[in-house]
Amino acid sequence: MWGALRFFITGTPFAARGAHDSIEKVYSIMQRFFMRPIYEFATACLLAIAAASPVAAAECGNNAAGFNAWKPAFAKEAAAAGVGQKGLDALASAKYASSTISADRNQKSFKYSLNKFMQVRGADTIVAQGRKRKARDAQFYHSIETRYGIPAGVIIAIHGMETAFGGFMGDTSVVSAITTLTYDCRRSDFFAPHAIGALKLVDAGAITGATKGAKHGELGHTQFLPGNALRFGVDGSGDGRVDFYNQSDALASTANFLRQKGWQPGVGYQEGQANFNVIKQWNAAGVYQKSIAIMAARIDG
């Protein structure tokens, strides 16, 4: 456009030679006046697009070979998601968890029949111990139900099923397990938010890179996935912090999770009833869900 305008002004018979220099000055002023805002606007648009562009996703893998190369790429995603230096340091120290991958490939118990599953998981023992716990700590469980609307039996059944009432809360680094599952191509998208959650829990001082949990990175008395722990954790003991290895905090957080997921106080939780759908939010396996509902009713009965 500007080349054509220059030719029209300076290259036609109507432009006197003596006026050529003045015309060139006019042309230069017009170019600066009109084009600078366009250049500035275009530059601003390009910078905005660059800033809004998502961080490239770290490339997954199916064995240990690429894990160490994957961690710096995932660190960029984590930093973009708000993870601080403590969390990033924990990520850098994470080890590929071969035992986690083995466990993820061999979840046989969820394929059992309901009766077999309950037998293997010790349902009768959970119910018997659960009744004693409810009677012994009646005030605590009453406070949970008053605040969140979750019956004691449901919370106690989950506690017993997950860790035998805190008897075994895992032997695998939470950070290593959850980052290994995020790196693994099988279910990267599902585990990535929980890996970010674990690193943020490290930032908050709730866990460290050495904290032990289950093979899939679940932590504490009721085996919260880290992203859920970050989102639904509450202080049940009143000491001003959330500690999933403290029973009161873990059970209050479990109740909060169920309530936030849609639990309706006073409504049934057996299969076919409204709150059974909320139990599904805790664990996706049908035999697990049915077992919790059955044991909870027996504990509360």
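Computed from a predicted structure; not experimentally measured.

## Quick look at the packing of helix α8 (residues 138-148) against helix α13 (residues 247-260)
- One way to put it is that α8 packs onto α13 with a least axis distance of 10 Å and a crossing angle of 30°. On the basis of their axis angle, the class for α8 and α13 is roughly parallel. The chirality of how α8 crosses α13 is right-handed. Across the interface between the two elements, Phe140, Tyr141, Ile144, Arg147 and Tyr148 of α8 pack against Gln247, Ser248, Leu251, Ala252, Ala255, Asn256 and Arg259 of α13.
- Taken together, the residues of the contact of α8 with α13 sort by class into seven nonpolar, three polar and two charged.

## Examining the confidence of the model for the protein chain
- Mean pLDDT over the protein chain stands at 87; residues scoring 70 or higher make up 81%.
- Below a pLDDT of 50 lies the segment residues 1-20, which in the model reaches 17 contacts outside its immediate sequence neighbourhood of four places, other chains included.
- A low-confidence stretch, residues 45-53 stays under pLDDT 50, and its non-local contacts, those more than four residues away or across chains, total zero contacts.

## A word on the state of the cysteines
- One pass over the full model with this rule turns up one disulfide.
- One disulfide in the model links Cys60 with Cys185; its S-S distance is 2.0 Å. Where Cys60 bonds to Cys185 through sulfur, the torsion about that S-S bond is close to 95°, and the disulfide is right-handed. Here Cys60 is found in the loop between α2 (20-52) and α3 (67-80), whereas its partner Cys185 is found in the loop between α10 (174-183) and α11 (188-204), with 125 residues between them in sequence.

## Quick word on the pattern of salt bridges
- Considering all chains together, one arrives at nine salt bridges under this definition.
- Among the ionic pairs, Arg186 bridges to Asp104, the shortest N-O distance being 2.5 Å. In this pair, Arg186 sits in the loop between α10 and α11 while Asp104 sits in helix α5 (residues 98-105), placing the two residues 82 residues apart along the sequence.
- The partly exposed category is assigned to Arg186, whose relative accessible area is 45%.
- Asp184 serves as the salt-bridge partner of Arg105, at 3.1 Å between the closest nitrogen and oxygen. With Arg105 in helix α5 and Asp184 in the loop between α10 and α11, this pair connects stretches of sequence that are 79 residues apart.

## Some words on the side chain of Ser176
- By the secondary structure assignment, Ser176 is in helix α10.
- Judged by relative accessible area, Ser176 falls into the buried class, the value being 8%.
- Within the structure, Ser176 has its side chain in polar contact with the backbone nitrogen of Lys95 (distance 3.0 Å).
- Once residues lying within four places of it in the same chain are set aside, the contact partners of Ser176 are Ala94, Lys95 and Ala97.

## As for the environment of Pro265
- Within the fold, Pro265 resides in the loop between α13 and α14 (276-282).
- A relative accessible area of 43% means that Pro265 is categorised as partly exposed.
- Along the sequence, Pro265 and Gly149 sit 116 residues apart, while their C-alpha atoms lie 4.6 Å from each other.
- Filtering out sequence-adjacent residues up to four positions away, Pro265 remains in contact with Tyr148, Gly149 and Arg259.

Calculation notes
Residues numbered from 1 in each chain as written. Predicted model: local features only at pLDDT ≥ 70, side-chain atom pairs only at ≥ 80, totals over all residues. Heavy atoms only, no water. Axes fitted to C-alpha atoms, helices over the stretch in contact; angles between N-to-C directions. Helix = DSSP H or I, 4+ residues; strand = E, 2+ residues; numbered from the N terminus. Parallel < 35°, antiparallel > 145°, perpendicular 65-115°, else oblique. Left-handed = near helix turned anticlockwise from the far one by under 90°. Contact = heavy atoms within 4.5 Å. Nonpolar A, V, L, I, M, F, W, Y, C, P; charged D, E, K, R; others polar. pLDDT = per-residue confidence, 0-100. Disulfide = S-S within 2.5 Å. Salt bridge = Lys/Arg side-chain N within 4 Å of Asp/Glu carboxyl O. Buried < 20%, exposed > 50% of the residue type's maximum accessible area, 1.4 Å probe, protein only. Polar contact = N/O pair within 3.5 Å; in protein donor to acceptor, adjacent residues only side chain to side chain.

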